[in-house]
Amino acid sequence: MRIGSDRRRCSRCRGRSGEAGQPILGARIRARYVAGVCLFVAVALLAVSLMTVPAGHARHTSPVVPMARISVRGGRLNAGTVPWRAWGMNWGDDDHYSVIAYFDNPTSAKLATLTSELRTAHLVGANSMRVYLELGQVMQTPTQARPRTLAALQKLLTVAEREHIYVDITGNLVWRPKFVPAWYDRLSERSRWQVQANFWRAVAHVAASSPAVLCYELTSEPIVSETPGYYLGEMDGWTFVQSIAVRRGRNARSLARAWTRELAAAVRSQDDRPVTIGLLCSLHGAFAPANVADLLDMLVVHAYPQQGKAAASLAVVRGFAAFKKPVLLGETFLLLCDESTQRAFLLAANRDLVGVFEFFDGRNPNHMTVSTMEDALYQCSLDQFIALRGALLKPQ
């Protein structure tokens, strides 16, 4: 879901119209000095190098321990044999989707931009990120994937591994209908599903060797539509709701299960990492967890609590958790509520979650220029998310 085109609530944005707030969080650098005459020179050089790091940034170092592969253990996630929780972001906001631009036309310059942004995410504390792959970026024909896109995915996963960040690969998307291949829209429903399965076999095949994969999201916010049309939920030319089928008098729940079963099998034929779907905040409908949870390894819910109605969102999260699968809050933001409501929601929901994803457009909220209300909202929401990081990562 796109968040930047709506007005949201934040104390920094209230008051005079158009007035933006200033950054309130600042990270501190703490240099550690090693005692001992034999290390004096090395310590002096280290101190000089640390002084060159801009104020507010932590010095980045690559992890020395190899990444462990993610697996599901009951209602929890493990990294290797160790329980693990996600604290990460959806990589893109408003008109800044550098990941999508990269897969549109992979270049070394765009990869360098992503590398820089991923390092920034790591510096503010992220251990995981959600990336997006549109169907047309991957599938060149109904049966053939684009080698260049798959190579680009491998390169991005290599960068993520170096930064020790796990990647939620959300794919099979048509968020920009104007870029959908003409041949795809001419296909029957059955043939569309086959193309989508081919998409996931190709993606999972190239990602299978990387330890940096968190999960595979078969699509984002799917439905079975009552009226013709596959690309719904339009916002400024982007369609964030994906219809997998038009009901036409058929059983919608059966259609959702058949589609989920087919695409999950395509992923599992190549990789054993968790398979999931980014689901709307509802316990009803064809893609309700009651209908599809048994076909998935973990559940992902998108929840934007409303002012005065946060209890309803919390009830949905707890309803998802009742199915004893790991539950990730895959999208949330200060979209429909104020800071205190969002904070209370996150803390209350956390006991039923294995992680939370906010939104990130590449900018560090500690060092960004705030010139618009959208900037202030982005900074405000991410600042609070960072402040809650310790509480959200605390084992439940």
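Along each chain, residues carry numbers from 1 onward, in the same order as the chain's sequence is written. Selection of residues for local features in this predicted model requires a pLDDT of at least 70, selection of side-chain atom pairs for listing and counting requires 80 or more, and totals for whole chains, interfaces and linings are taken over all residues. Hydrogens and waters are ignored; side-chain quantities use all the structure's heavy atoms.

Novice: Can you help me understand the overall build of the chain in this one?
Specialist: Counting its secondary structure elements, the chain contains 13 helices and 14 strands. Each residue is placed in one exposure class: buried if its accessible area under a 1.4 Å probe, protein chains only, is under 20% of its type's maximum, exposed if it is over 50%, and partly exposed if it falls in between. When the 396 residues of the chain are sorted by exposure, 55% land in the buried category. Partitioning the contacts of the chain with sequence separation of at least 6, the portion at a separation of at least 24 is 76%. Methods summary: accessible areas were calculated by the Shrake-Rupley approach with a probe of 1.4 Å, and residue burial reflects only the protein chains presented. About 16900 Å² of surface is accessible on the chain, with carbon and sulfur atoms providing 56% of the total. A run of H or I in DSSP counts as a helix once it spans at least four residues, and a run of E counts as a strand once it spans at least two, with each numbered from the N terminus. It only takes one pair of heavy atoms within 4.5 Å for two residues to be counted as in contact.

Novice: For this particular structure, what's the right way to read unusual backbone geometry?
Specialist: Most peptide bonds are trans, and most residues other than glycine sit at a negative phi. Of note in the backbone geometry, H164 takes a positive phi value of approximately 60° without being a glycine. You can see H164 is positioned in the loop between α5 (147–162) and β6 (166–173). In this model, E221 sits at a positive phi of 55°, which is unusual for a non-glycine residue. We classify E221 as buried; its relative accessible area is 5%.

Novice: Can you walk me through the packing of aromatic side chains in this structure?
Specialist: Aromatic ring pairs are described here by two measures, namely the spacing of the ring centres and the angle between the planes. Any two rings among Phe, Tyr and Trp, with Trp reduced to its six-membered ring, count as a pair given centres within 6.5 Å; such a pair is stacked if its planes are under 30 degrees apart, edge-to-face if over 60, and tilted if neither. With the rule as written, the count across this model stands at 14 aromatic pairs. A ring pair is formed by W183 and Y184, whose centres lie 6.0 Å apart and whose planes are at 80°; its orientation type is edge-to-face. Each member of the pair, W183 as well as Y184, carries the same accessibility label: buried. Here the aromatic rings of W238 and F240 are separated by 6.0 Å at their centres, their planes lie at 5°, and the arrangement is stacked. Residue classification places W238 among the buried positions, given a relative accessible area of 12%. For F240, a relative accessible area of 2% corresponds to the buried category. Through pairs of rings, three or more aromatic residues link up here, namely Y97, Y132, W175, W238 and F240. Positioned above the aromatic ring of Y230, the side-chain terminus of R192 is 3.7 Å from the ring centre. Charges are assigned to positions over rings by a cutoff of 6 Å between ring centre and Lys NZ or Arg CZ, combined with an angular limit of 35 degrees from the ring normal. Sitting over the face of the ring of Y378, R363 holds its NZ or CZ atom 5.0 Å from the ring centroid.

Novice: For this particular structure, what's the right way to read the sheet that holds strand β8 (residues 222–225)?
Specialist: Strand-to-strand pairing in sheets goes through backbone hydrogen bonds, with the strands running parallel or antiparallel. Between any two strands, at least two bridges found by DSSP are needed for them to pair. In space, the three strands of this open sheet follow the order β8-β10-β9, with mixed pairing throughout. The open sheet terminates on both sides in strands that have one partner only, identified here as β8 and β9 (231–235). Ignoring which end each strand starts from, the neighbouring axes of this sheet average 35° apart. Note: β8 against strand β10 (residues 238–246), four bridges, orientation parallel. Residue pairing in the sheet places I223 in a bridge with S243 of β10. Contacting β9 and β10, helix α7 (residues 189–207) crosses the sheet at an angle of about 120° to β10. Only the stretch in contact is used when fitting a helix axis, every axis being a line fitted to C-alpha atoms; angles between N-to-C directions are given from 0 to 180 degrees. Sheet contacts for helix α8 (residues 252–268): β8 and β10; angle to β10, the most-contacted strand, approximately 105°.

Novice: Would you take a moment to explain the nonpolar core for this structure?
Specialist: Inside soluble globular proteins, nonpolar side chains tend to come together where they are buried. Counting 107 residues, the largest nonpolar core has M89, I169, W200, L218 and F287 as the members making the most contacts within it. The element best represented in this core is α7, accounting for 10 residues. Contact partners of L218, with chain neighbours within four places excluded, come to G171, N172, W200, W259, T260, L263, A264, V267, V275, T276, I277 and L296. By nonpolar core is meant a set of buried Ala, Val, Leu, Ile, Met, Phe, Trp, Tyr and Cys residues that side-chain atoms within 4.5 Å join together.

Novice: Help me out: how do you make sense of α7 in this one?
Specialist: Each α-helix winds once per 3.6 residues, and so residues spaced three or four apart point in a common direction. For α7, spanning 19 residues, the distance from its first C-alpha to its last is 27 Å, which sits close to the expected 27 Å at 1.5 Å a residue. Burial analysis of α7 places 14 of its 19 residues in the buried class, which makes it a mostly covered element. Here the expected span of a helix is defined as 1.5 Å times the quantity of residues minus one.

Novice: Help me understand the pattern of salt bridges, please; the structure alone is not making it clear to me.
Specialist: Side chains that differ in sign of charge can pair as their charged atoms come close. Every case where a carboxyl oxygen of Asp or Glu lies within 4 Å of a side-chain nitrogen of Lys or Arg is listed as a salt bridge. All chains considered together, the criterion is met by 18 salt bridges. Between D272 and R69 there is a salt bridge; the shortest N-O distance is 3.6 Å. Of this pair, D272 sits in the loop between α8 and β11 (275–279) while R69 sits in the loop between α1 (40–51) and β1 (70–73), placing them 203 residues apart in sequence. Using a relative accessible area of 65% as the deciding quantity, one classes D272 as exposed. Of the charged contacts, one joins D297 and R268 as a salt bridge, the two residues approaching to 3.3 Å between their closest N and O atoms. Pair noted here: D297 is in the loop between α9 (289–292) and β12 (299–302) and R268 is in helix α8, with a separation of 29 residues, a long-range link.

Novice: Help me understand the confidence of the model for the chain, please; the structure alone is not making it clear to me.
Specialist: Detailed reading of predicted coordinates is not advised where the pLDDT is low. Across the chain, the average pLDDT comes to 87, with 84% of residues at 70 or higher. For every residue, the pLDDT score states the predictor's confidence, bounded by 0 at the bottom and 100 at the top. Low pLDDT, under 50, characterises residues 5–9; the predicted model gives this stretch 22 contacts beyond four residues in sequence or across chains. With pLDDT under 50 throughout, residues 14–63 is counted as low confidence; its partners more than four residues away or in other chains account for 53 contacts.

Novice: What is the right way to look at the packing of helix α3 (residues 108–123) against α5 in this model?
Specialist: When two helices pack together, you describe them by how their axes are tilted relative to each other and by the distance separating the axes. Viewed as axis vectors pointing N to C, α3 and α5 meet at an angle of 25°, and their least axial separation amounts to 10 Å. In terms of orientation, α3 lies roughly parallel with respect to α5. Crossing angle aside, the handedness with which α3 passes α5 is right-handed. Contacts from L111, L114, T115 and L118 of α3 reach α5 at K155, L156, V159, A160 and R162. Its residues placed into classes, the contact of α3 with α5 shows six nonpolar, one polar and two charged. Any angle that falls under 35 degrees is termed roughly parallel, while one over 145 is termed roughly antiparallel, one within 65 to 115 roughly perpendicular, and all others oblique. Handedness of a crossing is defined here by the sense of rotation of the near helix relative to the far one, left-handed for an anticlockwise turn of less than a right angle and right-handed for a clockwise turn. Put simply, Ala, Val, Leu, Ile, Met, Phe, Trp, Tyr, Cys and Pro go in the nonpolar bin, Asp, Glu, Lys and Arg in the charged bin, and everything else, Gly too, in the polar bin.

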